[in-house]
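Observations on the three-dimensional arrangement
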Amino acid sequence: MRALLFFLLAITLGEADTLRYPSLNAEGLRNLQSVKEQLLKSCPPSTCLIVFIGRSNVIISAFLTAKGIRNHVSLPGTGIRGIPKEKLKAAKANYRVSVLENLLEPQLNGRKKIHVVDFVNSGKSLVIGAQWIQAYAKGIGLHEISAAYYGTIDRKYSKVLEQSGIKHEYIYAGGSKQEGSLMYLTKDSQTEHYAPYVAWDPSNSTEKPIIDPSTRRHYPYREADGSTKYSHFASYNDLITLFEHDDPLTFLPKIHSCRAGLLGGGDLL
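Not measured: the values here are computed from a predicted model.

**Regarding helix H2 (residues 26–42)**
Taking 1.5 Å of rise per residue, the 17 residues of H2 would be expected to cover 24 Å, and the 25 Å separating its terminal C-alpha atoms lies within 8% of that figure. For H2, the full list of buried residues reads Gly28, Leu29, Asn31, Leu32, Val35, Lys36, Leu39 and Ser42. Each buried residue of H2 sits inside an arc of 160° when the element is viewed along its axis, so together they form one side. The outward face of H2, more than 90 degrees from its buried face, is lined by the exposed residues Arg30 and Lys41. Residues of H2 that are buried in the fold lie against strand E2 (48–53), helix H3 (58–66), strand E4 (113–120), strand E6 (167–170), helix H7 (182–186) and helix H8 (236–244). N-cap assignment for H2: the residue whose side-chain oxygen lies 3.2 Å from the backbone N of Glu27 is Asn25.

The following block contains the structure:
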């Protein structure tokens, strides 16, 4: 059935611009499976909720959903590490209402543990996100907050987590940062375009973040001859459909060759 859906996608799309998917390779796919196993070991679905911070985790999140793992939620993380002091109190209150009450709490479903996860270059966003979640969780009767990271964390931020009573661990997501690897894709400048929400800054945003996993975003680019074309990115739902297949890599070259002239944010799969 999945093969048929991809075939129908290929023959029904128009002749304009290329539908883009992440440039995942075999190593990256193996590491996705490894990360899934590591997360489930630390955060069993029946008792624990995985909380991803920011859009760097979109590939991992979609992979978990495709494999039937539903104990996770992705929260906006843009801007939380650079909030001016004079805006901090209001930003925390906004984040609590718009994100933690609106997006996190409904996913708990009786679970008593929260496992905060992020890709880190320093670890500041992970620390702030984990601390804000910790403060909120205590207010609703939860006390077990842990964290996990892949990438490189500064020792000072690791110490802050320790001082906050937040146990944290390293997730091995592969040693390679070459294109196609999982570590490359987590910080690929275009990975964010597959996320089900856009950037949301609690110090400036006045409305709750809008989550739409069916959105296919498109961005203009200029060809050598001066003409304008558009890059159309697969939606979050498209990623889930891709990863539901037993061997998603066999479809990626075909998907990249599809033409997506009819894509304007609809969900064809």
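**Some thoughts on the packing of aromatic side chains**
Using the criterion set out here, one finds 7 aromatic pairs in the structure. An angle of 50° between the planes, with centres 6.3 Å apart, marks the rings of Tyr95 and Trp200 as tilted. One end of the pair, Tyr95, is in helix H4 (residues 85–104); the other, Trp200, is in the loop between H7 and strand E7 (218–222), and 105 residues separate them in sequence. Judged by its relative accessible area of 5%, Trp200 is buried. For the pair Tyr219 and Phe233, a centre-to-centre distance of 6.0 Å together with 75° between the ring planes defines the contact as edge-to-face.

**A closer look at the sheet that holds strand E8 (residues 228–233)**
Pairing within the open sheet is mixed, and its 3 strands lie in the order E1-E8-E7. Both edges of this open sheet fall to strand E1 (19–20) and E7, since each of them pairs with a single strand only. Pairing of E7 with E8 involves 5 bridges; the strand directions are antiparallel. Counted as the bridge partner of His218 is His232 from E8.

**Things to note about the environment of Leu40**
Among the structural elements, Leu40 can be located in helix H2. With relative accessibility at 22%, the residue Leu40 sits in the partly exposed group. For the pair formed by Leu40 and Ile50, sequence separation is 10 residues and the distance between their alpha carbons is 9.0 Å. Setting aside residues up to four positions removed in sequence, Leu40 forms contacts with Pro45, Ile69 and Asn71.

**Observations concerning the side chain of Ser158**
Structurally, Ser158 can be placed in helix H6 (residues 155–163). Here the side chain of Ser158 touches His168 through a polar contact of 2.7 Å, side chain to side chain. Among all residues touching Ser158, those that are not within four sequence positions of it are Ile153 and His168.

**Describing the packing of helix H5 (residues 124–139) against H6**
Running from N to C, H5 and H6 point in directions that differ by 15°, and their axes come no closer than 9 Å. Between H5 and H6, the interaxial angle falls into the category roughly parallel. Crossing geometry of H5 relative to H6 is assigned as left-handed. Two secondary-structure elements touch here, H5 through Lys124, Leu126, Val127, Ala130 and Gln131 and H6 through Tyr157, Val160 and Leu161. Residue composition of the contact of H5 with H6, grouped by class: 6 nonpolar, 1 polar and 1 charged.

**Some points on the pattern of salt bridges**
Counting across every chain of the model gives 5 salt bridges. Notably, a salt bridge pairs Lys229 with Glu223, separated by 3.7 Å at the nearest N-O pair. Taking relative accessible area as the criterion, Lys229 reaches 31% and is therefore assigned partly exposed.

Reading guide: rules and limits
- Residues numbered from 1 in each chain as written.
- Predicted model: local features only at pLDDT ≥ 70, side-chain atom pairs only at ≥ 80, totals over all residues.
- Heavy atoms only, no water.
- Helix = DSSP H or I, 4+ residues; strand = E, 2+ residues; numbered from the N terminus.
- Expected span 1.5 Å × (residues − 1).
- Buried < 20%, exposed > 50% of the residue type's maximum accessible area, 1.4 Å probe, protein only.
- Arc of directions from axis to C-beta.
- Contact = heavy atoms within 4.5 Å.
- Polar contact = N/O pair within 3.5 Å; in protein donor to acceptor, adjacent residues only side chain to side chain.
- Phe/Tyr/Trp six-rings, centres within 6.5 Å; stacked < 30°, edge-to-face > 60°.
- Pairing = 2+ DSSP bridges.
- Axes fitted to C-alpha atoms, helices over the stretch in contact; angles between N-to-C directions.
- Parallel < 35°, antiparallel > 145°, perpendicular 65-115°, else oblique.
- Left-handed = near helix turned anticlockwise from the far one by under 90°.
- Nonpolar A, V, L, I, M, F, W, Y, C, P; charged D, E, K, R; others polar.
- Salt bridge = Lys/Arg side-chain N within 4 Å of Asp/Glu carboxyl O.

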